[in-house]
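# Secondary and tertiary structure notes
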Amino acid sequence: EEGSRGGCLPRLLCGSSSSDSSDSSGGSTTPLWYEVWVLMARFLRCWLRTPIMAAAEAGQYLVLAVFLGLLYLRLPTTLPDAPFDKQSAVFLVLTMLAFTPSYTSLVVWDHERQLLRRESGSHMYRRCSFFLAKTLTSTPLEVAQVTLFAVACYFMMGFQASAAKFGVWWAVLVLFALASETLGYMAAIATPDSKVGVAVLSLLLVFLLSFSGYLVRSIPVYYSWIPRLSYFSYATDALLSNEFAGLTFTGPGAGPGGVPGLSLLPPAVHTGLSVGGNLGVLLGMTLGFRAVCLLLLEGAARFKFL
C-alpha cells in the first residue's frame, strides 16, 4: 500500500524521528499545520491512484438511493397509508446512513491502525495530525456521496418541492452520515480488531435506532434517557417535521379541508425542539463525536492497544 512506503512522506516530515524531538502525542516538532498538509496530500493521492474505491462507494450510495426511491416512489398524500409510508421512508433512509458509512470506516481502520501505529511510533508525525488530515480529506468525499444519495431519494420519493425543505433534508442527512462515520471510527479505535468493532457497533446502532420514535411509540420510563442521547431521535424529528409541515392529507375521514400533516405525527418522534434546534443538536453531536474519537485515539496509544 502507498501508506507503507517511505516515499509517501516528504523527508522534512520524516526527519524528526528521534524520541527527544517528539512531543507527548507521538509526533515531531514539525509544525502541526505542515504535518496535516502533507498527510492530506497523501490521502488525496491515495484516492487519485485508486479511483475505483471512490467510485465503488459512490455506486453503493446510488444503488441504495435508487432502491429506496423505487420502494417509495412518488408517495401520495392520501389517507390512511400515506403518513405511515412517509415515516417509513425516513426511517429507512436514516438506517441506511447509519450502517453504511459507519461500517465502511470501521473496516478501513484495520489497515490505517497499522500504518498509524508504525509511523507515529517512529515520531514521523503527531496522531492528531493524522486524525485532522483524515477528517479534512474524507469529509468532502462523504458530503458528495451523501448529496448524491439525498437528491435521488428526495425527488424519487416525491417529497415537497421546496428549496428550503430540501436544504434541511440535505443538511440533516450530511450531519447524520458524518456522525455515523465517526461512530464507526470510535468503535474501531476502542476495540482491538474489526471483528470486535463490528459487534460493538451493531449493538450500539440497534440501541440508538430502536428509540427514534418510529419503532417504539411508547418508550418505558427506564429507557426514557436513551432518546435524548440518540442522534437518530434528532434526525428523525427534524426530517419528519420538515416534511409534514405544510402538507395536507386527504382521503377517507379527512373532511373537506383535509388533515394537517403535523397532527398525524406520533408524539414519540418529537424531541421538543424546532427543526433548527434539532439541526443544531446534530451539529453539536457530530463535532462532539469527532472530539471523543480523537481522545480515544490518544487513549489507545497511551494504553498500548492502538
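Keep in mind that this is a model prediction, so the values were computed, not measured.

### Some words on the overall build of the chain
Looking only at helices and strands, the chain has ten helices and two strands in total. Along its sequence from the N terminus, the chain presents helices and strands in the succession α-α-α-α-α-α-α-α-α-β-β-α. Considering only C-alpha atoms, the chain reaches an extent of 80 × 45 × 30 Å along its principal axes. Taking contacts inside the chain between residues at least 6 apart in sequence as the whole, the part at least 24 apart equals 78%. Accessible area for the chain stands at about 13,900 Å²; split by element, carbon and sulfur atoms hold 70% of it. Where the 20 positive side-chain charges of the chain centre and where its 17 negative ones centre are 3 Å apart.

### Looking at the nonpolar core
Within the largest apolar cluster, 83 residues are counted, with the highest numbers of intra-cluster contacts made by Trp109, Phe149, Trp169, Leu173, Tyr231 and Phe232. Elements with a contribution of two residues or more to this core: α2 (32-49), α3 (51-71), α4 (82-121), α5 (127-157), α6 (163-189), α7 (194-210), α9 (231-244) and α10 (275-302). At 18 residues, α6 tops the list of elements feeding residues into this core. Residues within four places of Trp109 in sequence aside, it is in contact with Leu116, Phe130, Tyr185, Ala188, Ile189, Leu297 and Leu306.

### Here we look at unusual backbone geometry
The omega torsion of the bond from Leu79 to Pro80 falls at 10°, within 30 degrees of zero and hence cis. Mapped onto the elements, Pro80 comes out in the loop between α3 and α4. Notably, Arg74 is not glycine yet its phi reads approximately 45°, a positive angle. The backbone phi angle of His123 is positive, close to 60°, even though this residue is not glycine. Residue placement: His123 occurs in the loop between α4 and α5.

### Re a nonpolar patch on the surface
A surface patch of nonpolar side chains, amounting to about 400 Å² of accessible area, comprises Leu62, Val66, Leu70, Leu73 and Leu148. Sort the elements by how many residues they give to the nonpolar patch and α3 lands first, with three residues. With respect to the element layout, Val66 can be found in helix α3. What makes Val66 partly exposed here is its relative accessible area of 31%.

### Details of the environment of Gly253
Structurally, Gly253 can be placed in the loop between β1 (248-249) and β2 (259-260). A residue is classified by how much of its surface remains accessible, and Gly253, at 82% relative accessible area, is exposed. Sequence-wise, Gly253 and Pro80 are 173 residues apart; in three dimensions their C-alpha atoms are separated by 8.9 Å.

### Details of the state of the cysteines
For the structure shown, the criterion picks out zero disulfides. Not engaged in a disulfide, the cysteine Cys128 finds its nearest cysteine sulfur in Cys293; these two sulfurs lie 13 Å apart. For Cys128, a relative accessible area of 17% gives the class buried.

### Re α7
Between the first and last C-alpha of α7 there are 24 Å, a value that for 17 residues agrees with the 24 Å anticipated at 1.5 Å per step. Buried-residue contacts for α7 involve α4, α6 and α9. The backbone nitrogen of Lys195 lies 3.0 Å from a side-chain oxygen of the residue at the head of α7, namely Asp193.

### A closer look at the pattern of salt bridges
For the structure on display, the rule yields six salt bridges. Across the salt bridge formed by Glu119 and Arg42, the nearest N and O atoms sit 3.0 Å from each other. Residue Glu119 is found in helix α4, and its partner Arg42 is found in helix α2; the two are separated by 77 residues along the sequence. Of the two residues examined, Glu119 and Arg42, each falls in the buried class. Between Lys86 and Glu243 there is a salt bridge; the shortest N-O distance is 3.1 Å. Taken together, the residues span a long stretch of sequence, with Lys86 in helix α4 and Glu243 in helix α9 at a distance of 157 residues. Summarising the burial analysis for this pair, Lys86 and Glu243 share the class buried.

### Thoughts on the packing of aromatic side chains
Following the criterion strictly, the structure yields 21 aromatic pairs and no others. Considering the side-chain rings of Phe84 and Tyr214, the 6.1 Å spacing of their centres and the 25° angle between planes classify their relative orientation as stacked. Here Tyr214 lies in the loop between α7 and α8 (226-229) and Phe84 lies in helix α4, a separation of 130 residues in the sequence. A centroid spacing of 6.2 Å and a plane angle of 90° characterise the contact between Trp109 and Tyr185, whose relative ring orientation is edge-to-face. Within this pair, whereas Trp109 is found in helix α4, its partner Tyr185 is found in helix α6, the two being separated by 76 residues in sequence. In this structure Tyr185 comes out as buried when scored by relative accessible area, which is 8%. By way of ring pairs, the aromatic residues Tyr154, Phe155, Phe159, Phe166 and Trp169 are connected into one cluster. The cationic tip of Lys134 hangs over the ring face of Phe43; the distance from NZ or CZ to the ring centre is 5.2 Å.

So, how was this worked out
- Residues numbered from 1 in each chain as written.
- Predicted model: local features only at pLDDT ≥ 70, side-chain atom pairs only at ≥ 80, totals over all residues.
- Heavy atoms only, no water.
- Helix = DSSP H or I, 4+ residues; strand = E, 2+ residues; numbered from the N terminus.
- Contact = heavy atoms within 4.5 Å.
- Areas by Shrake-Rupley, 256 points an atom, 1.4 Å probe, with all protein chains shown as cover.
- Lys, Arg positive; Asp, Glu negative; His and termini not counted.
- Charge placed at Lys NZ, Arg CZ, Asp CG, Glu CD.
- Core = buried A, V, L, I, M, F, W, Y, C linked by side-chain atoms within 4.5 Å.
- Buried < 20%, exposed > 50% of the residue type's maximum accessible area, 1.4 Å probe, protein only.
- Patch = residues over 30% accessible without salt bridge, like charges linked within 9 Å, V, L, I, M, F, W, Y side chains within 5 Å.
- Salt bridge = Lys/Arg side-chain N within 4 Å of Asp/Glu carboxyl O.
- Disulfide = S-S within 2.5 Å.
- Expected span 1.5 Å × (residues − 1).
- Polar contact = N/O pair within 3.5 Å; in protein donor to acceptor, adjacent residues only side chain to side chain.
- Phe/Tyr/Trp six-rings, centres within 6.5 Å; stacked < 30°, edge-to-face > 60°.
- Lys NZ or Arg CZ within 6 Å of the ring centre and 35° of its normal.

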